Every structure is written in C-alpha cells, then in structure tokens.
Number of protein chains: 6
Amino acid sequence: MDPPNRTPNGTPTRRSSAMPIVTIQQGPRDTELKRDLVKRVTDAFVDAYKIPAETVQVWIHEVPADSWGAAGTLTADK
Amino acid sequence: MDPPNRTPNGTPTRRSSAMPIVTIQQGPRDTELKRDLVKRVTDAFVDAYKIPAETVQVWIHEVPADSWGAAGTLTADK
Amino acid sequence: MDPPNRTPNGTPTRRSSAMPIVTIQQGPRDTELKRDLVKRVTDAFVDAYKIPAETVQVWIHEVPADSWGAAGTLTADK
Amino acid sequence: MDPPNRTPNGTPTRRSSAMPIVTIQQGPRDTELKRDLVKRVTDAFVDAYKIPAETVQVWIHEVPADSWGAAGTLTADK
Amino acid sequence: MDPPNRTPNGTPTRRSSAMPIVTIQQGPRDTELKRDLVKRVTDAFVDAYKIPAETVQVWIHEVPADSWGAAGTLTADK
Amino acid sequence: MDPPNRTPNGTPTRRSSAMPIVTIQQGPRDTELKRDLVKRVTDAFVDAYKIPAETVQVWIHEVPADSWGAAGTLTADK
C-alpha cells in the first residue's frame, strides 16, 4: 500500500521495515533546544538511511542531576 | 526449587528463565488507564507465553509533549 | 489531517499524541510465540487506551541466558 | 581544557553535565549506513546543544524482523 | 505475605516496591566476566538499598563494535 | 592517545571500546541512596571488567508507583 522506498544501493524496501525509534538520555534542557535537536536528529536519519521523516520517532528522557553520574559520582555533586 | 512451568509445546522450563520486562514509552495518562493497561499487557504475556503473571513486570515511562516527537516535530508543537 | 481519536472520557485527542513504544526484554523465544505476543500486547493498548492498533510499536530484545540474571546469578547457571 | 558551554540563559555548564546517550532501535542495516548515521546524529547534538562531539555516545540495537512489529503484526509477516 | 523489608532509615517497605531493573549496554564480553559483573552489580543494590538480592534483575545488551560509537565514530573504526 | 587498558586475560584493549552505560529503572529514592548506589555500581564494573571508573555511566530512571507494576497490578495499588 505504501510506495516502496529504496535503500542507497537501490534495493526496494517497504516503509514498514524502516521505523527507527530514538531514545535519548540527557539532563534537563529547554524546549527550544529539544525542538531543534528532534528536527536535526530526524534529518540525520532521513539523510543517512533515505527514509521518510514520518517514520522516525525521537523520545527524550530527561534525568535530574541527582539521578545520573559518571566515574562513580552523581552529576549533582560535581 | 520452583515448580517447572511448561511452554506451549510441552517442554518444561524453569520459572527463572521466564521473567520478561516490559518498558513503555508514552505521553502522560491517568492512573486509571495505566492500571487497566498493566493488567491487560500482563495478561497478554500469560496468554501468549503461558507464564505466571508474577513473572511479568511492566514499567511505564511517561514523556511530556515537549520531549518527544515524530517526523521531526515535537508533539507539543502539533 | 488525521481524524481525531477520542479518549475514554470523550476528549478528542490527536493521533500524533498517542504512539506508545513497547520494548520487551526477554530470553529467546520462537517466532510463533512472538507473533502471538505482539498481537496480544497491541490489543491491550487498543482496549485500554482506545487508540488505533497502527499507533503501537512493539520491539522485543532477546537476551541470551548468559547475559541476564536475577538474584546475582546468570540465568545460564540456574 | 574545554571552553565552558553556556545554557540558553547564559549560565556556564561543565562538560560533565552534557553527556547524552542515544539508543536507537531499528532493523539490521549495513555498517556503512550505520557509520554515516552515527556521524550525523552526533553532529545533530553538536549543532543543537553546542556540546563537544566526544560527549555523545550512540548505541544501535538491531532487532530482527521477527522480533518487532507495528499494528499488531510482526515486520517479518508484512 | 512477604515479610516487610526496612529502608536504611527504618521505614518498613514492601518487597513489591523494591524491584530494580538494571540494563547494561556494552560491547561483547566473555560469560565469565558477565557472571562476575552480575553478581557484583546485584551486591551493589543489596548494600546500597538494603533490598534482597532476589529483587534485582540485570540485563546485559551486547552491541557489536560496528553498532555503537562515541565522538561520531564507530568503535569498529577506532 | 589513551594508555591501553588490559583485560583480565592480558589482551590490551583500547579505552574507547570499554564504555558501559548502565540504566536503572526503580521507584523514587533519596539522593543519598542514589549517590551510594552509583558509586557501588561503578565499582562493580571497575572490579569485574578492570576498566577505569571514568568510562562508566549510570542513569537512574525513577518511575512513580502508579506507573509500574508486577503480576498485573500497579505498585501503587499493593
């Protein structure tokens, strides 16, 4: 029913097999920054995989500074 | 120590090898809806895999509308 | 562009705000069992949230028995 | 060593508070495509958040067609 | 039905409210190393949260070197 | 540029190939407990995998009691 897409090497692929889910773990950021990021990350998939933007979903999980850390130390304590 | 369960084709399987974790990413919803969903998703595993309900865990991560999107656009902007 | 859906309490909601992603962590299982599970889990969302089945994605991550465990012991060693 | 970044409201922020983790769920693809994607997704963060590329990690989880689906149907069956 | 546990400050807590799920993303490693890790990570929860080891699940997702990277470069290319 | 690390069996390994990401799903807990946990979990990796603490990231996703459950019942209802 969907028109077939084509991968970069020319093989046709069905739209249903190209629905990447992107999950981002990060500290809290402003909506404006997230809006820009979601657009740019989606474009990255469109450009690299030649898939329609509508097939890409981006989910941002914002984690407060007292709930994540590197090197054994909470970010809140750095 | 646990009584063996049986898979649909009759092979015994130990309880310890049947503990699926379900993680759901969604927009925020009312507790009543989530209560119903957790019950129904758990039943889906019990019915499909023939495993005890107690072995199934469901985790819902609610993501606000300004933190996820499809087609390059935040859901908050749609 | 999409027809509005309605939540159980009658409020219209846009299709774009109802796209849950389900991620399942489990040991390896046969395709037939996964086929049944994906159908049943999707139905659970349709029934609990009154959203169209097409908005639900289910991703199963199968983890071998030497890569997960409970109580501090690999499942492969149980 | 790194120049401090500034958040939208002008507060300087340390490198340690800017380490996003990107996890992608997708069907299997060629290394060449993944190489291109990882570069482009990282650039998306550098451009949107003004953070150094070294702080961005991208993890791709490839899921076979018989382990994920939309609309209640395995991708393998479409 | 379960005996109540006690949090470090003495408040009783039910076993059902203390079931952390640990998901690890890493490159492939030997079973022996993973066995040791799962034990040590579980002990970390037992010691920090004073919860029974049986309530802790650890899932390791091994990602090949051509499917993850930092700084925009696949690990396979480093 | 980084000094090579060595795996337990003596093979040198580059730092870039040893950057595990730990994601924890749990109910809400006090900062003090999370601080202790992040340290102990990081130590678990240092001890089991012989990798530098700086390569380990820990992310805690706290899920409220009305958003997760086992055995088909929300933790909030137990």
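Under an unreviewed UniProt entry, chain A has the name 4-oxalocrotonate tautomerase DmpI and belongs to Streptomyces hyaluromycini. Within the UniProt record for chain A, the comment given under Sequence similarities (unreviewed entry) is "Belongs to the 4-oxalocrotonate tautomerase family."

S.K.: In this structure, what is going on with the overall build of chain A? I would like to understand it.
M.R.: Scanning chain A from terminus to terminus reveals one helix and six strands. Looking at chain A as a whole, 51% of its 78 residues qualify as buried. In chain A, the proportion of contacts linking residues at least 24 apart, taken out of those at least 6 apart, comes to 53%. Counting every atom, chain A has about 3300 Å² of accessible surface; 52% of that belongs to carbon and sulfur.

S.K.: Before we go on, may I ask you to explain the relation of the copies chain A and chain D in this structure?
M.R.: Applying a rotation about an axis and a shift along it to one chain copy brings it onto the other copy. For these two chains of identical sequence, chain A goes onto chain D by a turn of 180° and a shift of 0.0 Å along the axis, with RMSD 0.0 Å. Read as a symmetry element, the transformation amounts to a two-fold axis. A high fraction, 97%, of the interface residues of chain A reappear at the interface in chain D, so the copies pair face to face through one surface.

S.K.: Would you explain the sheet that holds strand β5 (residues 68-70) of chain E in this entry?
M.R.: The eight strands lie next to each other as β6(B)-β5(B)-β4(A)-β3(A)-β3(D)-β4(D)-β5(E)-β6(E), forming an open sheet whose pairing is mixed. Across the chains shown, the open sheet's two edge strands, defined by having one partner strand only, are β6 (73-74) of chain B together with β6 (73-74) of chain E. In this structure, strand β3 (residues 21-26) of chain D lies alongside strand β4 (residues 57-62) of chain D, joined through six bridges in parallel fashion. Among the inter-strand pairings, I21(D) is bridged to a residue of β4(D), identified as Q57(D). With respect to the sheet, helix α1 (residues 31-49) of chain A is in contact with β3 (21-26) and β4 (57-62) of chain A, β6 of chain B together with β3 and β4 of chain D, its orientation differing from that of β4(A) by roughly 140°. Here helix α1 (residues 31-49) of chain D sits on the sheet in contact with β3 and β4 of chain A, β3 and β4 of chain D together with β6 of chain E, set at roughly 140° to β4(D).

S.K.: How should the confidence of the model for chain A be read in this particular structure?
M.R.: Close inspection of predicted coordinates is inappropriate in any region flagged by low pLDDT. For chain A, mean pLDDT is 85; residues scoring 70 or higher make up 78% of the total. Confidence drops under pLDDT 50 across residues 1-16 of chain A; counting only partners more than four residues distant or on other chains, this segment forms 27 contacts.

Reading guide: rules and limits
- Starting afresh in each chain, residues are numbered from 1 along the sequence in its written order.
- Here chains are named by letter from A upward and ligands by number from 1 upward, in the order in which they appear as written.
- With pLDDT at 70 or above as the cut-off, local features in this predicted model cover only qualifying residues; side-chain atom pairs require 80 or more to be listed or tallied, and sums for whole chains, interfaces and linings still use all residues.
- Hydrogen atoms and water are omitted, and side-chain values are computed over all heavy atoms in the structure.
- UniProt positions are given in the numbering used here, feature names are shortened, and annotations may be inferred rather than shown by experiment.
- For the purposes of this entry, the term helix denotes a DSSP run of H or I that reaches at least four residues, the term strand denotes a run of E that reaches at least two, and both are numbered from the N terminus.
- Partly exposed residues are those whose accessible area sits between 20% and 50% of the maximum for their type, while under 20% is buried and over 50% is exposed, using a 1.4 Å probe and protein chains only.
- We call two residues contacting when some pair of their heavy atoms lies within 4.5 Å.
- In short, Shrake-Rupley with a 1.4 Å probe defines the accessible areas, and a residue's cover is counted only from the protein chains shown.
- For this overlay, a least-squares fit was computed on C-alpha atoms, restricted to residues scoring pLDDT of at least 70 in both copies.
- At least two bridges found by DSSP between two strands is the condition for calling them paired.
- Under this scheme, a helix contributes an axis fitted over its contacting stretch, all axes are lines through C-alpha atoms, and angles between N-to-C directions fall in the 0 to 180 degree range.
- Values of pLDDT, the confidence the predictor places in each residue, fall between 0 and 100.

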